[in-house]
Amino acid sequence: MLPLPPKIEFVMASSTPSSGRIFQNPILESLTKTHIAIPLVIFYGIGIASGYWSVHKLNIAVLPTLAMYLVGALFFTLIEYTAHRKLYHMGTAGSARKVRIQYVMHGVHHDHPRDKKRLALPPVLSVVLAAAFMGLYWLVLGDHGIAFGGGFMTGYATYLMVHYAVHTMNPPKNIFGVLWKHHNLHHYVGDEGAFGVSSPLWDYVFNTMPEDPMKKRKSAAAV
Ligand SMILES: [Zn+2]
Ligand SMILES: [Zn+2]
């Protein structure tokens, strides 16, 4: 278990969001801001189109298409976890350049977690990355790679939606509240754990699940 400070502070949608500045150049700066609806339409659209293409154009039956789609979505959650843990939170010790790269990629989000326009990659960049991933899956898996890639893109869109909701809305009083709590642990308790956003699954698998400070306090009080 990871050591955690004793106090947790959840920041709710009622507090004031703020925005940082990444680039002095106004054009570059504007490219870092994206309305969430744009990538959601693009990536859910690619997900649906890929499923349709797999069944109707590539003549792959519905069940294998669905299976590849679901495996692709699950694979996305692993990439999401790994990228957040190893890339967004890469070690920056002794390198001003790495500090800058880390800040542009992710540090700005930790400084301004409720900046609605910086909760998704710029669409130009994400579409280029999506094309590269799709091409790779097609090379490796052949025609099945299209449904796999569609599931992967759906996973990405779902991650964006969950992340946006967690930072801009109050937690719901149902099972989805778990996602609010999990990501708030990452932001406000310790960024050495709770790397999964769309689910805590891989934090359990790789033992990066932070101890709930509420439970910790209760058990300390009971001793
Ligand atoms: Zn966040
Ligand atoms: Zn983070």
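Asks: Which parts of the structure should I look at to understand the overall build of the protein chain?
Replies: In terms of regular secondary structure, the protein chain is built from 9 helices and 0 strands. In sequence order, the secondary structure elements of the protein chain are arranged as α-α-α-α-α-α-α-α-α. Looking at the 223 residues of the protein chain, the share that counts as buried comes to 41%. Sequence-distant contacts, at least 24 apart, represent 68% of the contacts inside the protein chain between residues at least 6 apart. Total accessible area on the protein chain stands at roughly 12500 Å², and carbon and sulfur atoms take up 70% of it.

Asks: Please clarify how helix 5 (residues 123-141) should be interpreted in this entry.
Replies: Structurally, the α-helix is built with 3.6 residues per turn, so residues lying three or four positions apart point the same way. Given a rise of 1.5 Å per residue, 19 residues ought to cover 27 Å, and the 26 Å separating the end C-alpha atoms of helix 5 matches this to within 8%. All of the buried residues along helix 5 are Ser-126, Ala-130, Met-134 and Tyr-137. Taken around the axis of helix 5, the buried residues stretch over an arc of 75°, which confines them to a single face. Structural note: helix 5 exposes Val-124, Val-128, Ala-131 and Leu-139 on the side pointing more than 90 degrees away from its buried face. Looking at the buried residues of helix 5, the elements they touch are helix 2 (37-57), helix 3 (62-88) and helix 6 (144-168). Just past helix 5, the residue Gly-142 takes up positive phi, approximately 65°.

Asks: Where do I start with the confidence of the model for the protein chain in this structure?
Replies: Low-pLDDT stretches of the model should not have their predicted coordinates read in fine detail. Residues with a pLDDT of 70 or more make up 87% of the protein chain, whose mean pLDDT is 87. A low-confidence stretch, residues 1-16 stays under pLDDT 50, and its non-local contacts, those more than four residues away or across chains, total 36 contacts.

Asks: Looking at this structure, how should I read the coordination of the zinc ion (ligand 2)?
Replies: Note on metal geometry: ideal angles are 109.5 degrees for four donors arranged tetrahedrally and 90 or 180 degrees for six donors arranged octahedrally. The protein atoms that coordinate the zinc ion (ligand 2) are His-84 (NE2), His-89 (NE2), His-106 (NE2), His-110 (NE2) and His-186 (NE2), at distances spanning 2.1 to 2.2 Å. All donors of the zinc ion (ligand 2) come from a single chain, and their spacing in sequence reads H-x4-H-x16-H-x3-H-x75-H. Highlighted residues: His-110 in helix 4 (residues 96-111) and His-186 in helix 7 (residues 177-188), separated in sequence by 76 residues.

Asks: Help me understand helix 3 in this model?
Replies: Taking 1.5 Å per residue, 27 residues should reach 39 Å; helix 3 reaches 37 Å between its end C-alpha atoms and fits that length. Buried residues of helix 3: Thr-65, Met-68, Tyr-69, Gly-72, Phe-76, Thr-77, Glu-80, Tyr-81, His-84 and Tyr-88, and no others. Those residues of helix 3 hidden inside the fold are in contact with helix 2, helix 4, helix 5, helix 6, helix 7 and helix 8 (201-205).

Asks: Which parts of the structure should I look at to understand the environment of Ile-60?
Replies: The topology assignment puts Ile-60 in the loop between helix 2 and helix 3. When the C-alpha atoms of Ile-60 and Ala-147 are compared, they prove to be 9.4 Å apart, with 87 residues separating the residues in sequence. With near-sequence residues (within four places) excluded, Ile-60 lies in contact with Ser-54, Val-55, Thr-65, Asp-143 and His-144.

About the cut-offs
Residues numbered from 1 in each chain as written. Chains lettered and ligands numbered in written order. Predicted model: local features only at pLDDT ≥ 70, side-chain atom pairs only at ≥ 80, totals over all residues. Heavy atoms only, no water. Helix = DSSP H or I, 4+ residues; strand = E, 2+ residues; numbered from the N terminus. Buried < 20%, exposed > 50% of the residue type's maximum accessible area, 1.4 Å probe, protein only. Contact = heavy atoms within 4.5 Å. Areas by Shrake-Rupley, 256 points an atom, 1.4 Å probe, with all protein chains shown as cover. Expected span 1.5 Å × (residues − 1). Arc of directions from axis to C-beta. pLDDT = per-residue confidence, 0-100. Donors = N, O, S within 2.8 Å, 3.2 Å for Na, K, Ca; no water.

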